[in-house]
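Letter by letter, the chains look like this.
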Amino acid sequence: MSTPRSVLFVCLHGAAKSVLAAADFARLAAQRGLDITADSAGTEPDPEIAPGVVAALRAEGLDLGQKRPRRVAAADTARADRVVTFGCELGEAMPAAVSVEHWLDVPAVSEDLPRARAAIRRHLDRLLDEYAASEVGR
């Protein structure tokens, strides 16, 4: 039996980039038939998810409900088989044996949401292609 796979997306405030990436990753993975979960967190979490992110996802039919930004912990990174950061340091939550990617080219969501989503989507497509290729041997 294969082990569940998951990706953890981490941004500074856990309120925009990581939330968008996790939501889009989950949707795109399901469309490809990949059984991979995604979660989001922040190193210095805001009290609420950014209103523009909530509105954009709601317009696409995804209601975040009571989801709130939360602080990334070592247990989160230990559960993930991949961690993606958006220009933040994980500090004590840095995983010992997990692959960490740094997506530094994603612009601030507050400045240009469509451009930020396009940059995230390019990374997600590559990441999902890698997972799909690894499915062949599973």
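Relevant structure appears above.
Each chain has its residues counted from 1, following the order in which its sequence is written. Reporting of local features is limited, given that this is a predicted model, to residues whose pLDDT is at least 70; pairs of side-chain atoms are given and counted only at 80 or more, and all residues count toward the totals for whole chains, interfaces and linings. Where side-chain values are given, they derive from all heavy atoms of the structure, hydrogens and water being excluded.

Quick word on the overall build of the chain
- Counting from the N terminus, the helices are DSSP H or I runs at least four residues long and the strands are E runs at least two residues long. When you go through the chain residue by residue, the secondary structure sums to four helices and four strands.
- Its helices and strands taken in sequence order, the chain reads β-α-β-α-α-β-β-α from the N to the C terminus.
- Taking 14 Å as the expected radius of gyration for a compact globule of 138 residues, we find that the chain reaches 14 Å, a close match to that expectation.
- Along the first, second and third principal axes, the C-alpha atoms of the chain reach 40 × 35 × 30 Å.
- When checking whether two residues touch, look at their non-hydrogen atoms; a contact exists if any pair is within 4.5 Å. The contacts in the chain between residues at least 6 apart in sequence include a share of 67% that link residues at least 24 apart.
- A total accessible area of about 7,400 Å² is found for the chain, and carbon and sulfur atoms account for 54% of it.
- In this tally, Lys and Arg are treated as positive and Asp and Glu as negative; His is ignored, and so are the chain termini. By convention, charge coordinates are those of NZ in Lys, CZ in Arg, CG in Asp, or CD in Glu. Of the charged side chains in the chain, 17 are positive and 20 negative; the average position of the first set lies 3 Å away from that of the second. The size measure is the radius of gyration over C-alpha atoms, and the globule rule it meets is 2.2 Å times the number of residues to the 0.38 power. Methods summary: accessible areas were calculated by the Shrake-Rupley approach with a probe of 1.4 Å, and residue burial reflects only the protein chains presented.

Here we look at the environment of Ala23
- For Ala23, the location among the structural elements is in helix H1 (residues 17-31).
- Residues Ala23 and Ser40, 17 residues apart in the sequence, show an inter-C-alpha distance of 8.7 Å.

Brief notes about the sheet that holds strand S3 (residues 82-85)
- Strands qualify as paired when DSSP identifies two bridges or more between them. What the four strands build is an open sheet, ordered S2-S1-S3-S4; its pairing is parallel. With partners counted over all chains shown, the strands left at the sheet margins are strand S2 (36-42) and strand S4 (99-102), one partner each. Mean inter-strand twist for the sheet, computed between neighbouring axes without regard to direction, equals 20°.
- Where strand S1 (residues 5-11) and S2 come together, seven bridges link them in parallel fashion. Residue Phe9 lies in a different strand from S2, and its bridge partner there is Ser40.
- Angles here are taken between N-to-C directions and fall from 0 to 180 degrees, while the axes themselves are lines fitted to C-alpha atoms, restricted in helices to the stretch in contact. Lying on the sheet, H1 is in contact with S1 and S2; it crosses S2 at an angle near 175°.
- Those strands touched by helix H4 (residues 113-135) are S1, S2, S3 and S4, and its axis lies near 165° from that of S1.

Digging into the nonpolar core
- Among buried residues, the Ala, Val, Leu, Ile, Met, Phe, Trp, Tyr and Cys ones that are joined through side-chain atoms within 4.5 Å form a nonpolar core. Each residue gets one of three labels from its accessible area relative to the maximum for its type: buried under 20%, exposed over 50%, partly exposed in between, using a 1.4 Å probe on protein chains only. The biggest cluster of nonpolar side chains holds 30 residues, and the ones touching the most others in it are Val7, Phe9, Phe25, Val53, Phe86 and Trp103.
- Of all the secondary-structure elements, those providing two or more residues to this core are S1, H1, helix H2 (51-59) and H4.
- Per-element accounting of this core gives the leading share, eight residues, to H1.
- Dropping the residues within four chain positions of it, Val7 is found in contact with Phe25, Ile36, Thr37, Ala38, Asp39, Asp81, Arg82, Val84, Leu127 and Tyr131.
- Counting residues in each nonpolar core, the second largest holds eleven residues, with Ala41, Val72, Leu90 and Val100 among its members.

Considerations on the packing of H1 against H4
- Across the interface, H1 lies against H4 with an axial gap of 10 Å and an inter-helix angle of 45°. With respect to H4, the element H1 is oriented oblique. Between H1 and H4 the crossing geometry is right-handed. Of the residues in H4, those touching H1 at Lys17, Leu20, Ala21, Asp24, Phe25, Arg27, Leu28 and Ala29 are Leu113, Arg117, Ile120, Arg121, Leu124, Asp125, Leu127, Leu128 and Tyr131.
- Charged means Asp, Glu, Lys or Arg here, nonpolar means Ala, Val, Leu, Ile, Met, Phe, Trp, Tyr, Cys or Pro, and polar covers whatever is left, Gly included. Grouping the amino acids of the contact of H1 with H4 by side-chain chemistry returns eleven nonpolar, no polar and six charged. An angle below 35 degrees is read as roughly parallel, one above 145 as roughly antiparallel, one from 65 to 115 as roughly perpendicular, and any other as oblique. Note: crossing handedness is left-handed where the near helix turns anticlockwise from the far helix by less than a right angle, and right-handed where it turns clockwise.

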